[in-house]
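What follows is the residue order along each chain.
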Amino acid sequence: VLIPTIRAEDSEIVGSFTPELESDEAYQRFVINPPSNAKVVHVNWTDNPFFPEVLRIEAEQLKAKDIDAYNHVYGGQCLRALEGSIYKDELRAAESEGRITKVPYDAARPVHCFFDIGWGDSTAIWFAQIYMAEYRLVDYLENFAKDIKFYLKELQRKRYLYGTMWLPWDGGTVSMQTGKSIQNIVQEFGFKVRSLPQSRVYQGINAVRAFFPNCWFDAGNCKDGLDQLRRYRFGENIDAKTRTREPVHDAASHGSDAFRTFACSVQQPKNEGETARQKVIHQPQRAQLPATPWS
């Protein structure tokens, strides 16, 4: 909005900001990929000759209590997850343990897909390969205001060897307009598909936390999905029945809800006739993994 309004010769725009996530628009546009005629300066408290002793003490206390918060507030570094993020601890552990990295696709194994279906908004899909109790997230897809056939064609275009398409509970709901459910349409495209039973949000969140330590994420292909998990947070609304806080429904919900589909799917019983390779096993205890599993 602002940049196209600056028309006079030698005009300048001066902005000052503290970044939140690395994916934020301003950080990407002016720090990661700055214009050729931009001057980017990292200004910190160490450049302030009037920095008070009381703040120095505060900074040292924060450093001892929460190093990530210290690096953000006093070091100007990007957050790994927004403050209040539901999966903040899980994401921090994944980063520190090197589980957000390059995850190669194994063409000999099926890719299972886990959906959040958008009705008039975004649909999100996680792509995962299962190695016993190790879950390798190899890809992520999200788009806005597209019908299910668009996403199924995108799946075909990616040309993975597919296993099962996992849908949330409403994937089996029949449309009054078409007389078909999303599950019916997915089957017509030749995919194996299952819809999960309905469950409460807090149950899905607990399922995610239980299996997160066994997840490995491709840093490039899953960048957008990881960003959604970093932004996913609780709101102020309280569920009257369970007395638990409800997550905020915003742009971060779709990728995070699709990840809940993934977590809940690992707890489902095996379909009759499903091969052993396609079976997903839930083990609460983390498997002992090698330091470099794809070396």
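Our structure's up above, just so we're on the same page.
On a predicted model such as this, the values are computed, not experimentally measured, just so you know.

With that settled, the discussion passes to the nonpolar core. Nonpolar side chains in soluble globular proteins generally cluster together in the buried interior. Membership of the largest hydrophobic core comes to 32 residues, with the highest contact counts inside it found for W126, L137, F211, F217, F259 and F262. Counting residues per element, the ones that place at least two in this core are α4 (88-96), β3 (122-131), β4 (134-144), α7 (201-211), β7 (215-218), α8 (223-231) and α9 (253-265). Not counting chain neighbours up to four residues away, the residues in contact with L137 comprise V103, W126, F127, A128, C215, W216, F217, D218, C222, F259 and F262. Core analysis: the next-biggest nonpolar cluster, separate from the first, contains 23 residues, V103, C113, I182 and I185 among them.

Following the sequence through the fold, G190 ends up in the loop between α6 (182-188) and β6 (192-195). Residue class for G190 comes out exposed when judged on its relative accessible area of 65%. Sequence separation of G190 and L152 is 38 residues, and the distance between their C-alpha atoms is 9.9 Å.

Here we take up the pattern of salt bridges. Within this structure, the stated rule accounts for 15 salt bridges. Note that R136 and E134 form a salt bridge whose closest N and O atoms lie 2.6 Å from each other. Each member of the pair R136 and E134 is classed as buried. Shared partners join several salt bridges into a network, and the residues in it are D24, D227 and R231.

Within the secondary structure layout, E154 lies in helix α5 (residues 148-158). Here E154 falls in the buried class, since its relative accessible area comes to 18%. A polar contact of 3.0 Å, which involves the side chain of E154, links it to the side chain of R157.

Next up on the list: the packing of α7 against α9. Taken N-terminus to C-terminus, the directions of α7 and α9 make an angle of 75°; their axes are 8 Å apart at the nearest point. One finds that α7 runs roughly perpendicular with respect to α9. Listed contacts from α9 to V201, G204, I205, A207, V208 and F211 of α7 are F259, R260, F262, A263 and C264. Its residues assigned to classes, the contact of α7 with α9 shows nine nonpolar, one polar and one charged.

How two aromatic rings sit relative to each other is given by the distance of their centres and the angle of their planes. Taken as a whole and assessed by the stated rule, the structure comprises 21 aromatic pairs. Residues F212 and F259 carry aromatic rings whose centres are separated by 5.7 Å and whose planes lie at 50° to one another, so their mutual orientation is tilted. Linking F212 in the loop between α7 and β7 with F259 in helix α9, this pair joins segments that are 47 residues apart in sequence. Under the relative-accessibility criterion, F212 is labelled buried at 1%. One aromatic cluster is present, formed by Y87, F114, W126, Y135, Y140, F211, F212, F217, Y232, F259 and F262 through successive ring pairs. Over the face of the ring belonging to Y131 we find R109, whose NZ or CZ atom lies 4.1 Å from the ring centre.

For strand β5 (residues 162-167), the tally of buried residues reaches six of six residues, placing the bulk of the element in the interior. Relative to β5, strand β2 (residues 111-116) is paired through three bridges, and the arrangement is parallel. Note on β5: the bridge partner recorded for F114 is W166. Alignment of β5 against β6, held across four bridges, turns out to be parallel. If you follow M165 over to β6, its bridge partner there is V193.

Turning next to the sheet that holds β6. Backbone hydrogen bonds hold the strands of a sheet together, and the pairing may be parallel or antiparallel. Taken together, the seven strands give an open sheet; going across it, the order is β1-β7-β4-β3-β2-β5-β6, and neighbouring strands pair in mixed fashion. What marks the edges here is a single partner per strand, and that holds for β1 (100-101) and β6. Both β2 and β3 contribute to a ladder of five bridges, which runs antiparallel. The partner of D116 across the bridge, within β3, is A124.

So, about unusual backbone geometry. At M132, a residue that is not glycine, the phi angle is positive and equals roughly 55°. One can find M132 in the loop between β3 and β4. The class of M132 is exposed, set by a relative accessible area of 61%. Not every positive phi belongs to a glycine, and R159 is a case in point at roughly 60°. Relative to the elements of secondary structure, R159 occurs in the loop between α5 and β5.

Moving on, we come to the environment of T164. Among the secondary structure elements, T164 is positioned in strand β5. Here T164 falls in the buried class, since its relative accessible area comes to 1%. In the structure, T164 is positioned 54 residues away from P110 in sequence and 8.4 Å away in space, judged by C-alpha atoms.

Definitions and cut-offs
Residues numbered from 1 in each chain as written. Predicted model: local features only at pLDDT ≥ 70, side-chain atom pairs only at ≥ 80, totals over all residues. Heavy atoms only, no water. Core = buried A, V, L, I, M, F, W, Y, C linked by side-chain atoms within 4.5 Å. Buried < 20%, exposed > 50% of the residue type's maximum accessible area, 1.4 Å probe, protein only. Helix = DSSP H or I, 4+ residues; strand = E, 2+ residues; numbered from the N terminus. Contact = heavy atoms within 4.5 Å. Salt bridge = Lys/Arg side-chain N within 4 Å of Asp/Glu carboxyl O. Polar contact = N/O pair within 3.5 Å; in protein donor to acceptor, adjacent residues only side chain to side chain. Axes fitted to C-alpha atoms, helices over the stretch in contact; angles between N-to-C directions. Parallel < 35°, antiparallel > 145°, perpendicular 65-115°, else oblique. Nonpolar A, V, L, I, M, F, W, Y, C, P; charged D, E, K, R; others polar. Phe/Tyr/Trp six-rings, centres within 6.5 Å; stacked < 30°, edge-to-face > 60°. Lys NZ or Arg CZ within 6 Å of the ring centre and 35° of its normal. Pairing = 2+ DSSP bridges.

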